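Understanding the architecture of this molecule
Residue strings, one per chain:
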Amino acid sequence: ELLPNMDVVIFDEAHQIPPLATQLLGERISGRQLVEWAREVALVAHECKKVSLALEQQVRQVLRCLQTLNHPPRWTWNPAEASPILQDHFAALQNALKQVSVVMPRFAENEPRNLTQLREYGQQLQSTLSLWRLGNPQPSNGISHNLFWIEQGQYNFILHQIGATPLSKCTA
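Residues numbered from 1 in each chain as written. Predicted model: local features only at pLDDT ≥ 70, side-chain atom pairs only at ≥ 80, totals over all residues. Heavy atoms only, no water.

To continue, consider the sheet that holds strand β4 (residues 157-162). Reading across the sheet, the four strands line up as β1-β4-β3-β2 and stay open at both edges, with antiparallel pairing between neighbours. Strand pairing shows two members of the sheet lacking a second neighbour, β1 (26-30) and β2 (74-76), which therefore form its edges. Between one strand axis and the next, the sheet turns through 20 degrees on average, direction left out of account. In terms of strand pairing, strand β3 (residues 147-152) meets β4 through six bridges, oriented antiparallel. In the sheet register, phenylalanine 148 faces β4, and the bridge partner there is glutamine 161. Sitting on the sheet, helix α2 (residues 31-44) touches β1 and β4, and the angle it makes with β1 is about 65 degrees. This element, helix α3 (residues 49-68), spans β2, β3 and β4 of the sheet and lies at about 85 degrees to β4. (Pairing = 2+ DSSP bridges. Helix = DSSP H or I, 4+ residues; strand = E, 2+ residues; numbered from the N terminus. Axes fitted to C-alpha atoms, helices over the stretch in contact; angles between N-to-C directions. Contact = heavy atoms within 4.5 Å.)

So this is what it looks like as C-alpha coordinates:
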(Lines give C-alpha, C1' and ligand atoms only; values in the text may rest on other atoms or scores of the structure.)
Protein backbone atom coordinates (compact mmCIF):
# COMPACT_ATOMS: atom_id res chain seq x y z
CA GLU A 1 0.00 0.00 0.00
CA LEU A 2 1.55 3.26 -1.13
CA LEU A 3 -0.41 5.39 1.34
CA PRO A 4 -2.58 4.13 4.21
CA ASN A 5 -6.35 4.65 3.99
CA MET A 6 -7.00 8.31 4.68
CA ASP A 7 -9.68 10.80 3.80
CA VAL A 8 -7.27 13.67 3.14
CA VAL A 9 -3.54 13.83 2.43
CA ILE A 10 -1.67 17.13 2.26
CA PHE A 11 1.68 17.18 0.51
CA ASP A 12 4.22 19.85 1.32
CA GLU A 13 6.61 20.39 -1.60
CA ALA A 14 4.13 18.69 -3.95
CA HIS A 15 6.13 19.83 -6.98
CA GLN A 16 8.63 17.11 -6.05
CA ILE A 17 6.08 14.30 -6.36
CA PRO A 18 6.46 13.57 -10.11
CA PRO A 19 10.26 13.13 -10.10
CA LEU A 20 10.12 11.18 -6.84
CA ALA A 21 7.35 8.94 -8.18
CA THR A 22 9.39 8.24 -11.30
CA GLN A 23 12.46 7.46 -9.23
CA LEU A 24 10.57 5.03 -6.97
CA LEU A 25 7.93 3.56 -9.26
CA GLY A 26 8.98 4.09 -12.85
CA GLU A 27 11.62 4.96 -15.37
CA ARG A 28 12.81 8.05 -17.15
CA ILE A 29 15.08 8.90 -20.01
CA SER A 30 16.37 12.34 -20.93
CA GLY A 31 17.96 13.95 -23.92
CA ARG A 32 20.94 14.80 -21.73
CA GLN A 33 21.39 11.12 -20.78
CA LEU A 34 21.39 10.11 -24.45
CA VAL A 35 23.92 12.79 -25.41
CA GLU A 36 26.26 11.94 -22.51
CA TRP A 37 26.09 8.24 -23.37
CA ALA A 38 26.80 8.94 -27.06
CA ARG A 39 29.81 11.09 -26.17
CA GLU A 40 31.22 8.43 -23.84
CA VAL A 41 30.82 5.78 -26.54
CA ALA A 42 32.65 8.00 -29.06
CA LEU A 43 35.51 8.52 -26.58
CA VAL A 44 35.94 4.80 -25.91
CA ALA A 45 35.33 3.55 -29.46
CA HIS A 46 36.42 6.20 -31.96
CA GLU A 47 34.81 4.22 -34.77
CA CYS A 48 31.42 5.04 -33.22
CA LYS A 49 31.95 8.79 -33.48
CA LYS A 50 29.80 9.25 -36.62
CA VAL A 51 26.76 7.37 -35.27
CA SER A 52 27.17 9.00 -31.85
CA LEU A 53 27.08 12.44 -33.47
CA ALA A 54 23.95 11.41 -35.39
CA LEU A 55 22.29 10.47 -32.07
CA GLU A 56 23.23 13.85 -30.58
CA GLN A 57 21.78 15.60 -33.63
CA GLN A 58 18.54 13.64 -33.33
CA VAL A 59 18.23 14.59 -29.64
CA ARG A 60 18.50 18.24 -30.68
CA GLN A 61 15.84 17.72 -33.37
CA VAL A 62 13.42 16.19 -30.85
CA LEU A 63 14.01 19.12 -28.50
CA ARG A 64 13.37 21.63 -31.31
CA CYS A 65 10.17 19.79 -32.27
CA LEU A 66 8.97 19.80 -28.65
CA GLN A 67 9.65 23.52 -28.43
CA THR A 68 7.46 24.22 -31.48
CA LEU A 69 4.47 22.55 -29.83
CA ASN A 70 2.25 24.60 -27.59
CA HIS A 71 2.56 22.44 -24.47
CA PRO A 72 3.27 23.47 -20.88
CA PRO A 73 6.69 22.49 -19.42
CA ARG A 74 5.17 19.23 -18.07
CA TRP A 75 2.46 17.42 -20.06
CA THR A 76 0.87 13.99 -20.35
CA TRP A 77 2.03 11.80 -23.22
CA ASN A 78 -0.38 9.64 -25.16
CA PRO A 79 1.14 8.19 -28.35
CA ALA A 80 -2.29 7.66 -29.88
CA GLU A 81 -2.99 11.39 -29.64
CA ALA A 82 0.56 12.65 -30.34
CA SER A 83 1.54 14.78 -33.28
CA PRO A 84 2.68 12.60 -36.22
CA ILE A 85 5.72 14.85 -36.63
CA LEU A 86 6.71 14.32 -32.99
CA GLN A 87 6.12 10.58 -33.37
CA ASP A 88 8.44 10.61 -36.40
CA HIS A 89 11.12 12.44 -34.41
CA PHE A 90 10.90 9.92 -31.57
CA ALA A 91 11.10 7.04 -34.08
CA ALA A 92 14.21 8.61 -35.62
CA LEU A 93 15.67 9.07 -32.13
CA GLN A 94 15.09 5.40 -31.36
CA ASN A 95 16.68 4.40 -34.68
CA ALA A 96 19.74 6.59 -34.00
CA LEU A 97 20.10 5.03 -30.54
CA LYS A 98 19.83 1.56 -32.04
CA GLN A 99 22.42 2.41 -34.70
CA VAL A 100 25.03 3.28 -32.07
CA SER A 101 24.35 -0.06 -30.37
CA VAL A 102 24.59 -1.91 -33.68
CA VAL A 103 28.03 -0.45 -34.40
CA MET A 104 29.35 -1.14 -30.88
CA PRO A 105 29.37 -4.98 -30.99
CA ARG A 106 31.96 -4.87 -33.78
CA PHE A 107 34.49 -4.07 -31.09
CA ALA A 108 33.76 -7.09 -28.89
CA GLU A 109 37.29 -8.49 -29.17
CA ASN A 110 39.89 -6.79 -27.00
CA GLU A 111 37.37 -4.22 -25.85
CA PRO A 112 37.89 -2.19 -22.72
CA ARG A 113 35.73 -3.16 -19.78
CA ASN A 114 33.84 0.13 -19.80
CA LEU A 115 32.69 -0.49 -23.40
CA THR A 116 30.79 -3.50 -22.08
CA GLN A 117 29.18 -1.30 -19.44
CA LEU A 118 28.34 1.31 -22.06
CA ARG A 119 26.77 -1.37 -24.26
CA GLU A 120 24.62 -2.62 -21.36
CA TYR A 121 23.56 0.94 -20.50
CA GLY A 122 22.73 1.53 -24.17
CA GLN A 123 20.47 -1.53 -24.15
CA GLN A 124 18.74 -0.18 -21.04
CA LEU A 125 18.24 3.20 -22.75
CA GLN A 126 16.80 1.46 -25.83
CA SER A 127 14.41 -0.58 -23.71
CA THR A 128 13.20 2.49 -21.77
CA LEU A 129 12.72 4.56 -24.93
CA SER A 130 10.89 1.72 -26.66
CA LEU A 131 8.52 1.24 -23.71
CA TRP A 132 7.93 4.96 -23.53
CA ARG A 133 7.23 5.33 -27.26
CA LEU A 134 4.70 2.49 -27.30
CA GLY A 135 2.77 4.07 -24.46
CA ASN A 136 -0.10 2.34 -22.74
CA PRO A 137 -0.90 -1.10 -24.02
CA GLN A 138 -4.69 -1.33 -23.71
CA PRO A 139 -5.65 -4.05 -21.22
CA SER A 140 -8.83 -6.08 -21.76
CA ASN A 141 -10.78 -3.97 -19.24
CA GLY A 142 -9.76 -0.78 -21.05
CA ILE A 143 -8.16 0.74 -17.94
CA SER A 144 -4.43 1.27 -17.95
CA HIS A 145 -2.49 2.23 -14.85
CA ASN A 146 0.56 3.45 -16.76
CA LEU A 147 1.29 7.16 -16.71
CA PHE A 148 3.54 8.83 -19.26
CA TRP A 149 4.59 12.46 -19.33
CA ILE A 150 7.18 14.80 -20.79
CA GLU A 151 9.09 17.53 -19.06
CA GLN A 152 10.71 19.96 -21.41
CA GLY A 153 12.97 22.91 -20.94
CA GLN A 154 15.08 25.12 -23.12
CA TYR A 155 18.02 22.69 -23.24
CA ASN A 156 16.66 19.28 -22.29
CA PHE A 157 13.65 16.99 -22.24
CA ILE A 158 12.81 14.16 -19.87
CA LEU A 159 10.45 11.31 -20.70
CA HIS A 160 8.80 9.80 -17.61
CA GLN A 161 6.91 6.53 -17.24
CA ILE A 162 5.25 5.04 -14.18
CA GLY A 163 3.67 1.66 -14.72
CA ALA A 164 1.27 -0.68 -12.96
CA THR A 165 0.74 1.46 -9.89
CA PRO A 166 -2.35 2.36 -7.91
CA LEU A 167 -1.83 5.97 -8.98
CA SER A 168 -4.31 7.77 -11.15
CA LYS A 169 -3.86 11.01 -12.98
CA CYS A 170 -6.14 13.86 -12.18
CA THR A 171 -6.17 17.57 -12.71
CA ALA A 172 -5.90 19.99 -9.83
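Turning to its location among the elements, leucine 125 is positioned in helix α5 (residues 113-134). In this structure, leucine 125 is in contact with Ile29, Gln33, Leu34, Trp37 and Leu97, ignoring residues within four places of it in sequence.

Further remarks concern the pattern of salt bridges. Here the structure, examined in full by the defined rule, presents three salt bridges. Its salt-bridge partner being arginine 39, residue glutamate 56 comes within 3.0 Å of it at the nearest N-O pair. Separated by 17 residues along the polypeptide, glutamate 56 in helix α3 and arginine 39 in helix α2 bring together distant segments of the chain. On the accessibility criterion, glutamate 56 (8% relative accessible area) is buried. Salt bridges here are not isolated pairs; linked through shared partners, they connect Arg39, Glu56 and Arg60. (Salt bridge = Lys/Arg side-chain N within 4 Å of Asp/Glu carboxyl O. Buried < 20%, exposed > 50% of the residue type's maximum accessible area, 1.4 Å probe, protein only.)

Below, the discussion takes up the packing of α2 against helix α4 (residues 84-103). Put simply, α2 and α4 touch, their axes get as near as 11 Å, and they point 25 degrees apart. One way to sum up the angle between α2 and α4 is to call them roughly parallel. The interaxial crossing formed by α2 with α4 has left-handed handedness. Taking contact as the criterion, the partners of Leu34, Trp37 and Val41 in α2 are, on α4, Leu93, Leu97, Val100 and Ser101. Broken down by class, the residue content of the contact of α2 with α4 amounts to six nonpolar, one polar and no charged. (Parallel < 35°, antiparallel > 145°, perpendicular 65-115°, else oblique. Left-handed = near helix turned anticlockwise from the far one by under 90°. Nonpolar A, V, L, I, M, F, W, Y, C, P; charged D, E, K, R; others polar.)

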